[in-house]
Amino acid sequence: MNDYLQSIIDRDPAARSKLSVILTYPGVKAVFFYKIANFFSIAKFHLIAKMISQFSRLLTGIEIHPGAKIGKNLF
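Read on for a plain summary of the structure. In this text, all values refer to a predicted model and were calculated from it rather than measured experimentally. (Residues numbered from 1 in each chain as written. Predicted model: local features only at pLDDT ≥ 70, side-chain atom pairs only at ≥ 80, totals over all residues. Heavy atoms only, no water.)

Quick look at unusual backbone geometry now. You will see that Lys44, though not glycine, has its phi angle at about 70°, which is positive. Secondary-structure assignment places Lys44 in the loop between α3 (26-42) and α4 (46-60). Since its relative accessible area comes to 63%, Lys44 is described here as exposed. (Helix = DSSP H or I, 4+ residues; strand = E, 2+ residues; numbered from the N terminus. Buried < 20%, exposed > 50% of the residue type's maximum accessible area, 1.4 Å probe, protein only.)

Here the focus is a nonpolar patch on the surface. Taken together, Met1, Phe32 and Ile36 make up a surface patch of nonpolar side chains, about 250 Å² in accessible area. Position of Ile36 among the secondary structure elements: in helix α3. (Patch = residues over 30% accessible without salt bridge, like charges linked within 9 Å, V, L, I, M, F, W, Y side chains within 5 Å. Areas by Shrake-Rupley, 256 points an atom, 1.4 Å probe, with all protein chains shown as cover. Salt bridge = Lys/Arg side-chain N within 4 Å of Asp/Glu carboxyl O.)

Relative to the helices and strands, Ser41 is located in helix α3. Residue class for Ser41 comes out buried when judged on its relative accessible area of 12%. Excluding residues that lie within four positions of it along the chain, Ser41 makes contacts with His46, Ala49, Pro66 and Gly67. (Contact = heavy atoms within 4.5 Å.)

Turning our eyes to something else, we now look at α3. When the terminal C-alpha atoms of α3 are compared, their 24 Å separation across 17 residues agrees well with the 24 Å that a helix rising 1.5 Å per residue should span. Turning to α3, its buried residues are Val28, Ala30, Val31, Phe33, Tyr34, Ala37, Asn38 and Ser41. Positive phi shows up at Lys44, right after α3, with a value of about 70°. (Expected span 1.5 Å × (residues − 1).)

Quick look at the packing of helix α1 (residues 2-11) against α3 now. Between α1 and α3, whose axes approach to 11 Å, the crossing angle comes to 165°. Judged by the inter-axis angle, α1 sits roughly antiparallel to α3. Handedness of the α1/α3 crossing: right-handed. Taking contact as the criterion, the partners of Tyr4, Leu5 and Ile8 in α1 are, on α3, Gly27, Val28 and Val31. Taken together, the residues that form the contact of α1 with α3 break down as 5 nonpolar, 1 polar and no charged. (Axes fitted to C-alpha atoms, helices over the stretch in contact; angles between N-to-C directions. Parallel < 35°, antiparallel > 145°, perpendicular 65-115°, else oblique. Left-handed = near helix turned anticlockwise from the far one by under 90°. Nonpolar A, V, L, I, M, F, W, Y, C, P; charged D, E, K, R; others polar.)

Structure (structure tokens):
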């Protein structure tokens, strides 16, 4: 997650600090919840994973399927 935050700071001139990115960028929150949901999806707790995904969508407006594969440094 640290690499992801740093890549945002490196590419976005409006991003001043990691804290501001965490608090104000909905995509960061969506990826954070995705990582939790993906953990449960891999562990075969699909209902919990989907519930986390839906909660994330409620908060951010962004839904990432718990079974999706997101590679390093794609953002």
